[in-house]
Amino acid sequence: MAETEMLSNLMQIRAFCQVVDQGSVSRAADELYRTQSAVTRAIRDLEQALDVPLFERHANGMLLTDFGKCVLPRARRAIAELRQIPSQLAKLQGKSGQRRGDTEPLYLFNVRRLQIFISLCKTRHMQTVATLLGLSQPAVSAALKVLENGAGLALLERTPHGMMPSLAGQDIVPNLRRALNELRHIPADIAARRGVLEGTVQVGALPLGRTRLLPQAIIGLTQRYSGVKVVTNESAFSALASELRSGEVDFIFGALRSSDYAADMATETLFTESMVILARKGHPLLSGTLTQAHLREARWVLPRAETPARRLLDNSFAAMNIPPPDPVVESGDLGIVRGLLLGSDMLAAVSARQLEHELGSGELVKLPLDLTDTHRAIGLTFRAGSLLSPAAEALVAEIRKLCS
């Protein structure tokens, strides 16, 4: 999420949720300990900011419009993320029990304050954050002080390497990011209700999905919907999983991980893929009979150690009573793998889909050896319980269509 992006006012979102829950402005005002005029003004300002009516006013209460029903799921999710934080901090302090104030952490209901803290966790430098957000350094310092006073704990620690998030700071950052990302999707949800698909999709792109299928899906989506932008993230799965948990990535496309590794994620298998051994056109091993000795003596470029692909490959060689190859190069970058194969007599074990263009052109050739038990499930990974934006849903639909 861009740190300077304008998001809905969290106090207005809080008032909106209470009016929905209580059914009237007066009851919401009592629950919020605010005047009816203040709650009415908060709802009016939110409607003006979103440029849609959220309620129909009736003598017997406030009824949600279709736009209000569209905004409500995101609004509730954002507030719920922030309301979890007091109990998380209490656990870190060894405290138990909840007071009313624990469920209403008003010090968190300020978007700019949260953006400042998240930016500080990223950059570790106050002046950098001030410049990034167009603020003065004292304003950044004051925002951090309000957050730490509210939390009752230090959230950042000054070190020789900059301002590092404390244990408490690390614990609450995912909640803050998820809350802000829920707000980020509200305008796109409203646009979709009006029949316009727009917004930015953040995709975690793993190697097995990003060579052909994901580009084709992006082309199909963006040709039909000019208001949609797609941002891909090619980090390792562990980094993508962290971004997925915080809402910075909408979904991941590629090889699936086991539920033991990602118990808080939901997966959808689209197809399975096995690994093959590739070599350049004219490689010496393509003439004559391929023997185990050839494989033992070959120079290999393989996936990095401890990756699922590498473990499958090692197990496959063990099943053939061949010691696992000791690679000359370890890399998950297909550009590097392709260059090494085309420019040398190295061998690589990859999915055929990853280099299918080179296989189709004849630049690369499969060696006549089956790698048993190397099939992997390829598909989509979501954060369990997440609510995709309309644009993300549309990109997922494109991917499913291509894989069907």
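Just above sits the structure.
Definitions and cut-offs
- Residues numbered from 1 in each chain as written.
- Predicted model: local features only at pLDDT ≥ 70, side-chain atom pairs only at ≥ 80, totals over all residues.
- Heavy atoms only, no water.
- Buried < 20%, exposed > 50% of the residue type's maximum accessible area, 1.4 Å probe, protein only.
- Helix = DSSP H or I, 4+ residues; strand = E, 2+ residues; numbered from the N terminus.
- Phe/Tyr/Trp six-rings, centres within 6.5 Å; stacked < 30°, edge-to-face > 60°.
- Lys NZ or Arg CZ within 6 Å of the ring centre and 35° of its normal.
- Pairing = 2+ DSSP bridges.
- Axes fitted to C-alpha atoms, helices over the stretch in contact; angles between N-to-C directions.
- Parallel < 35°, antiparallel > 145°, perpendicular 65-115°, else oblique.
- Contact = heavy atoms within 4.5 Å.
- Nonpolar A, V, L, I, M, F, W, Y, C, P; charged D, E, K, R; others polar.

Q: Could you give an account of helix α5 (residues 85-92), naming the residues involved and the relevant values?
A: Of the residues making up α5, those classed as buried are I85, P86, Q88, L89 and A90. One or two positions beyond α5, positive phi appears at G94, with a value near 75°.

Q: Summarise the packing of aromatic side chains; cite the residues concerned and give the values.
A: Under the counting rule described, the total for this entry stands at three aromatic pairs. When the centroid spacing of 5.7 Å and the interplanar angle of 90° are considered together, the rings of W300 and F317 count as edge-to-face. Taken together, the residues W300 in strand β10 (residues 300-302) and F317 in helix α15 (residues 308-319) connect sequence positions 17 residues apart. In this arrangement the basic side chain of R353 is found over the ring face of F271, its NZ or CZ atom lying 4.1 Å from the centre.

Q: So, the sheet that holds strand β5 (residues 199-205): which residues are in play, and what are the values?
A: Reading across from one edge, β6-β5-β7-β14-β8 is the order of the five strands in this open sheet, with mixed pairing throughout. One side of each edge strand has no neighbouring strand; the edge strands of this open sheet are β6 (228-233) and β8 (265-273). Across the sheet, the mean angle separating the axes of adjacent strands is 20° when strand polarity is ignored. Bridge count for strand β7 (residues 251-255) against strand β14 (residues 376-383) is four bridges, and the pairing is antiparallel.

Q: Could you give an account of the packing of helix α4 (residues 66-83) against helix α10 (residues 167-193), with specific residues and numbers?
A: Interhelical geometry of α4 versus α10 gives an angle of 175° and a closest axis separation of 8 Å. Comparing the axis directions of α4 and α10 gives the class roughly antiparallel. Residue-level inspection shows D66, F67, C70, V71, R74, R77, A78, E81 and L82 of α4 in contact with α10, the latter providing N175, L176, R178, A179, E182, L183, H185, I186, D189, I190 and R193. For the contact of α4 with α10, the class distribution of residues is ten nonpolar, two polar and eight charged.

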